[in-house]
Amino acid sequence: MGNRGMEDLIPLVNRLQDALSGVGQSCSLHLPQIAVVGGQSAGKSSVLENFVGRDFLPRGSGIVTRRPLILQLLSANTEYGEFFHCKGKKFTDFDDIRKEIEAETNRLTGSNKGISPVPISLRIYSPHVLNLTLVDLPGITKVPIGDQPADIEYQIRDMIMQFICKENCLILAVTPANTDLANSDALKLAKDVDPQGQRTIGVITKLDLMDEGTDARNILENRLLPLRRGYIGVVNRSQKDIDGKKDIKAALHAEKMFFLSHPAYKHMAESTGTPYLQRILNQQLTNHIRDTLPAFRSHLQSQLLDLNKEAEEYKQYRPDDPARRTKTLLQNVQRLAVDFEKLIEGSGNKVDTAHLSGGARINRIFHERFPYELVKLELDEGKLRREINYAIRNIHGVRTGLFTPDMAFEAIVKKQISNLKGPCTKFVDMVSQELITTVNQCINELSSFPKLQNETEKIVTTEIREQESRCRDQVLLLIDMQLAYINTKHEDFIGFTNGQQTCKQSNKKTVPVMAGNHGVAPPSRLIVIRKGWLTISNIGIMKGGAKEYWFILSAESLSWFKDDEEKEKKYMLPLDNLKLRDVEKGFMSSKFVFALYNTELRNVYKDYKCLELACYSQEELDSWKASLLQAGVYPDRVTVDEQGNGSPENFSDPQVERQVETIRSLVDSYMSIIYKTFKDLMPKTVMHLMINSVKEFISSELLAQLYALGECSALMDESPEQQRHREEVLRKHAALKEALAVIGKFSTSTCTTPLPPPVDSSWIQPPSPTLSKKSVTKPVVRGHAPSAPRVPAYAASQSNDGLHQLSGPPNRAPPSVPRRHPPAIPKVK
């Protein structure tokens, strides 16, 4: 029976189905099978029952098949059925099989005609069947009934597409003979996914119900409306026969007599009927399995390779073995220490190319955020001069001083140094928060053990907070040390004599520049400081509206281009006399905005007094501010009136005014030294007291503290999710190995019959007005296609071809695609 040379191939696939069924859809493998597609009441279920020789499928009016039925037919000495959801239970009564199908269908879909894409798997052993794997799909319907949704047609089409769009699936397109074949929904769906017809086999049912004087001879001979694999005609039992409990064996005999006695079909009786269809399907499925087996084996091997490492780790883990638990605890803590150090030092194996993380973010705090916080300390000029003036006068008291009092200088400097406490403590807080974020990123790898993860997070976070407190105390101590002694003999300090000379030589414009530099040498004018996208947001709609450009910031100018190819420059803005100020975020805006303006009230860009620039995140905004600071564009701290002028107090006493200028110059010089010192010491202090201490703690102290909890065994309890994942990985790994072993024992070195040559299938088109039934016998003028291959009962054949190009019109539009992307088939439990 069937293809004897390859008769074990279909049982091979069934064994693969068994091996892989335990892991559901997680393997993403499509085993070869035959999908039965057709309209409602086209006779699909009757064809399947004829294959088995038993009544076992639900019957009724309307849509009866409401879930896909995966039917595996296996030749055996005894006759019984098994369901995948009822493993170990044998059904010897086929009425019980029908009842179980109905019950399992209703369990998911209800009893009022609902549908579900979750398949039912049924295996039937019988001495009367050939090895086949078929999928009985719901019939294509147009009008919803019962609980069916309004889009029932599309849902059924999507469900069918889930199966027939797979390259490993043969399509059995069932069409009644008493309908217009050119409008067959089954053939149109098959054409969508199989335009060359390599996987489509036509079945014509209800030949005995055609109008008197008509027949389907030209269709069955593949001359009218041809298919590459041709058509096979069958005659099923009528509803009257079913109601009368007509035996299927008798029905098959009646079918045989129908073809032998009918004048239009008797010459082709050997190539029609259910037994012939069964042999053809057996041969075609066997050939198809052989062709797809090498690619299928490669797919299995690639998935097994991906799982090997993880599966080996899980095999060695024994949840109930205390020694294994202790070893796993040690390995996890060591891995945590290594991962944390790699993130901080920047030597990780997995480099994040999308965001800054770990040490890179801390480095940004060191060299961008902290200097920017120092610049924001710059007091407005008028307020500082008033404070110096008041200090000088208060020191002189009732007397009129002849010399510049050094006590005024010391008082102002100490106040400025005290102001460092805010930026310095904020700096420590920012680094502490980044450390916690980095540690949590590493601790998330312990999610397999929730108790270990929680305790580790608690212990390490506590340690970071303790080191943060220690570091903060040390920073405040550094500030107190600077307050304790004002060293006017510092080699970089200009001194009182030079300060007075500086006052005479400098103008009011250069003083703020000295204050703003904070001892930072200006970068070379040729160096590009930063590049990136920014949006100019204050351009009116009439002038084009807000638009994004590619900006390049150097030490001398800010230029922007049309795009990042930097070929079309839009504008170059010199940085002279520019300052930066914040702009409040709009109510409906999601962007962060800052503005550049000219301190001399000139237009910055065309006729705009300021240039408002927007970016997408606060982090990006802070980075641009820090870059502009490096280029010498400082934040606006001076109160500006409507004319843009500052409001410094005018001093009536020229002598006091000269003393104010002298102390102002001295304060700038000394604070420049202080800023240099703190920008150097703060990263070193934090690195030593916080970062290095935390690294040392994780690598040497964490494990001891975990042991000190006295619950080491409980710490290594797996989470339910991890336990399921571990079991699934091991099960999937074992299933893949078993499947490869099954394939490895089989040889596919047998001869095959070639696939028939292509035919013109452009006749399959959108619905058109139904033709009269009598026109079926009138041949259409088309090129003759070869008839379907005749297969003797004991022929051994196999296909190794099937990739010929379709000889149709050269400019025909490509085949249509399914109307909607079909959802993945849910996992069968």
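Rules and cut-offs
Residues numbered from 1 in each chain as written. Predicted model: local features only at pLDDT ≥ 70, side-chain atom pairs only at ≥ 80, totals over all residues. Heavy atoms only, no water. Salt bridge = Lys/Arg side-chain N within 4 Å of Asp/Glu carboxyl O. Helix = DSSP H or I, 4+ residues; strand = E, 2+ residues; numbered from the N terminus. Buried < 20%, exposed > 50% of the residue type's maximum accessible area, 1.4 Å probe, protein only. Pairing = 2+ DSSP bridges. Contact = heavy atoms within 4.5 Å. Axes fitted to C-alpha atoms, helices over the stretch in contact; angles between N-to-C directions. Disulfide = S-S within 2.5 Å. Parallel < 35°, antiparallel > 145°, perpendicular 65-115°, else oblique. Left-handed = near helix turned anticlockwise from the far one by under 90°.

A side chain with one charge can pair with a side chain of the opposite charge if their charged atoms come near. For the coordinates displayed, the defined rule picks out 30 salt bridges. The residue Glu-345 makes a salt bridge to Lys-695 at a minimum N-O spacing of 2.5 Å. Of the two residues, Glu-345 is situated in helix H10 (residues 322–345) and Lys-695 in helix H19 (residues 654–700); the sequence distance between them amounts to 350 residues. On the basis of relative accessible area, Glu-345 is assigned to the partly exposed category, the value being 43%. Looking at Lys-695, the relative accessible area reads 16%, which means it is buried. Here Glu-565 and Lys-567 are joined by a salt bridge, their closest N and O atoms 3.9 Å apart.

This part takes up the sheet that holds strand E10 (residues 547–554). In space, the eight strands of this open sheet follow the order E12-E11-E10-E9-E15-E14-E13-E16, with mixed pairing throughout. If you trace the sheet from one side to the other, it starts and ends with strand E12 (569–574) and strand E16 (634–635), each paired once. With six bridges connecting them, strand E13 (residues 578–583) and strand E14 (residues 592–598) associate as antiparallel partners. When the bridges of E14 are listed, Lys-579 appears paired with Tyr-597. Strand contacts of helix H18 (residues 618–630): strand E9 (528–536), E10, E13, E14, strand E15 (610–615) and E16, with the helix running at about 130° to E9, the strand carrying the most contacts.

What follows is about the state of the cysteines. On inspection of all chains with the given rule, the structure shows zero disulfides. Just so you know, Cys-165 is unpaired, no disulfide at all, and the nearest cysteine sulfur is the one on Cys-169, 8.6 Å from it. Here Cys-471 stays unpaired: no disulfide links it, and the sulfur of Cys-424, its closest cysteine neighbor, is 10.0 Å away.

Further remarks concern the packing of helix H14 (residues 421–443) against H19. Put simply, H14 and H19 touch, their axes get as near as 11 Å, and they point 30° apart. Between H14 and H19, the interaxial angle falls into the category roughly parallel. As H14 runs across H19, the sense of the crossing is right-handed. Of the residues in H19, those touching H14 at Cys-424, Phe-427, Val-428, Val-431, Ser-432, Leu-435 and Val-439 are Phe-678, Met-682, Pro-683, Val-686, Met-690, Ile-691, Val-694 and Ile-698.

This part takes up the environment of Glu-466. With respect to the helices, strands and loops of the structure, Glu-466 is situated in helix H15 (residues 450–484). C-alpha of Glu-466 to C-alpha of Val-694: the two residues are 228 residues apart in sequence and 10.0 Å apart in space.

This brings us to the pairing of strand E2 (residues 69–75). With six of seven residues buried, E2 lies mostly within the body of the structure. By the bridge criterion, seven bridges tie E2 to strand E4 (residues 120–126) in an arrangement that is parallel. When the sheet's bridge partners are listed, Ser-75 is paired in E4 with Ser-126. Of the strand pairs in this sheet, E2 and strand E5 (residues 132–136) are connected by five bridges, and their pairing is antiparallel. Within the sheet, the bridge partner assigned to Gln-72 lies in E5 and is Thr-133.

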